[in-house]
Amino acid sequence: LLGGKLVVSMAAQMPPKQMKEMVGEGIELAYVIPNVAIAHKESMTFISSVSASEASVKLLEELFSTAGKVLVVPMEMLKAGISLASCGIGYAMKYMTAAIEGARKLGFVREDAAKIVCKTVLGACQVVEKGGFHPEKEVKKVATPGGLTERGLKAMEDIQT
């Protein structure tokens, strides 16, 4: 910043108009919303400019890219991004909790169950990323016709309907 000031808000629920009133005129403003995986440099962070310059947004992007992936989105997309990444990590963890409990019921000790589930989720993420971000295409590779995976997926679909 060339002599200017930039205020970064991580208070996603505070409307931009209210933020502008708080920081005053002549101050650049942007929202930066990481998720809890930032603690492990694996965050999916969203950046939205309210009044920040392109150079300031680029600076924020460089800074937060050291802690994971960054996506610069317009303000109208910020809530959707939060739902997918910040809330989504909670949903993923809820799935993991259920899978770990299922593994325990099948006889695995908690530590082994957690290792299995964590490695499975991490592996799925790697496969999808390297496969071009088409999870359904990747599902077809592991769902043998009439096999256990196919039957499990069918059961999941039946629960949704």
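Everything below is about the structure printed above this text.
(A) Representation of the pattern of salt bridges in the model. Here the structure, examined in full by the defined rule, presents five salt bridges. Where Glu 138 meets Lys 141, a salt bridge forms, and the shortest distance between an N and an O atom there is 3.3 Å. Taken as a pair, Glu 138 and Lys 141 lie in helix 5 (residues 135-142) at a separation of three residues, close to a single helical turn. Residue classification places Glu 138 among the buried positions, given a relative accessible area of 10%. Residue Lys 141 is classed as exposed on the basis of its relative accessible area, which comes to 58%. The partner of Asp 158 in a salt bridge is Lys 154, with the nearest N and O atoms 2.9 Å apart. Taken together, the residues Asp 158 and Lys 154, both in helix 6 (residues 148-160) and four residues apart, mark about one turn of the helix. By relative accessible area, which is 43% here, Asp 158 ends up partly exposed. We classify Lys 154 as partly exposed; its relative accessible area is 45%. Members of the salt-bridge network, linked through shared partners, are Glu 101, Arg 104 and Arg 110.

(B) Examining the side chain of Ser 9 more closely. Here Ser 9 shows up in strand 1 (residues 6-9). Residue Ser 9 is classed as buried on the basis of its relative accessible area, which comes to 4%. Discounting chain neighbours no more than four positions away, the residues touching Ser 9 are Met 19, Ala 30, Tyr 31, Val 32 and Ile 33.

(C) Representation of the pairing of strand 1. Sheet topology note: the strand 1/strand 2 (residues 28-33) ladder contains four bridges and is parallel. Bridging from a neighbouring strand, Val 8 pairs with Ala 30 of strand 2. You can see the chain leave strand 1, run along helix 1 (residues 16-23) and come back into strand 2, and the turn it takes is right-handed.

(D) Quick look at the packing of helix 3 (residues 75-105) against helix 4 (residues 110-130). Remark: helix 3 packs on helix 4, axes separated minimally by 9 Å, with the N-to-C direction vectors making an angle of 135 degrees. Between helix 3 and helix 4, the crossing angle belongs to the class labelled oblique. Our pair here, helix 3 against helix 4, has a crossing hand that is right-handed. Counting all contacts with helix 3, which are made through Tyr 95, Met 96, Ala 99, Ile 100, Glu 101, Ala 103 and Arg 104, the residues of helix 4 involved are Arg 110, Ala 113, Ala 114, Val 117, Cys 118 and Val 121. Taken together, the residues of the contact of helix 3 with helix 4 sort by class into ten nonpolar, no polar and three charged.

(E) View of a nonpolar patch on the surface. Together, Leu 106, Phe 108 and Ile 116 line one region of the surface with nonpolar side chains, adding up to about 320 Å² of accessible area. Tracing the backbone through its elements, the reader meets Leu 106 in the loop between helix 3 and helix 4. A relative accessible area of 71% places Leu 106 in the exposed class.

What counts, and where the lines are drawn
Residues numbered from 1 in each chain as written. Predicted model: local features only at pLDDT ≥ 70, side-chain atom pairs only at ≥ 80, totals over all residues. Heavy atoms only, no water. Salt bridge = Lys/Arg side-chain N within 4 Å of Asp/Glu carboxyl O. Helix = DSSP H or I, 4+ residues; strand = E, 2+ residues; numbered from the N terminus. Buried < 20%, exposed > 50% of the residue type's maximum accessible area, 1.4 Å probe, protein only. Contact = heavy atoms within 4.5 Å. Pairing = 2+ DSSP bridges. Right-handed = clockwise from strand over helix to strand, strands pointing away. Axes fitted to C-alpha atoms, helices over the stretch in contact; angles between N-to-C directions. Parallel < 35°, antiparallel > 145°, perpendicular 65-115°, else oblique. Left-handed = near helix turned anticlockwise from the far one by under 90°. Nonpolar A, V, L, I, M, F, W, Y, C, P; charged D, E, K, R; others polar. Patch = residues over 30% accessible without salt bridge, like charges linked within 9 Å, V, L, I, M, F, W, Y side chains within 5 Å. Areas by Shrake-Rupley, 256 points an atom, 1.4 Å probe, with all protein chains shown as cover.

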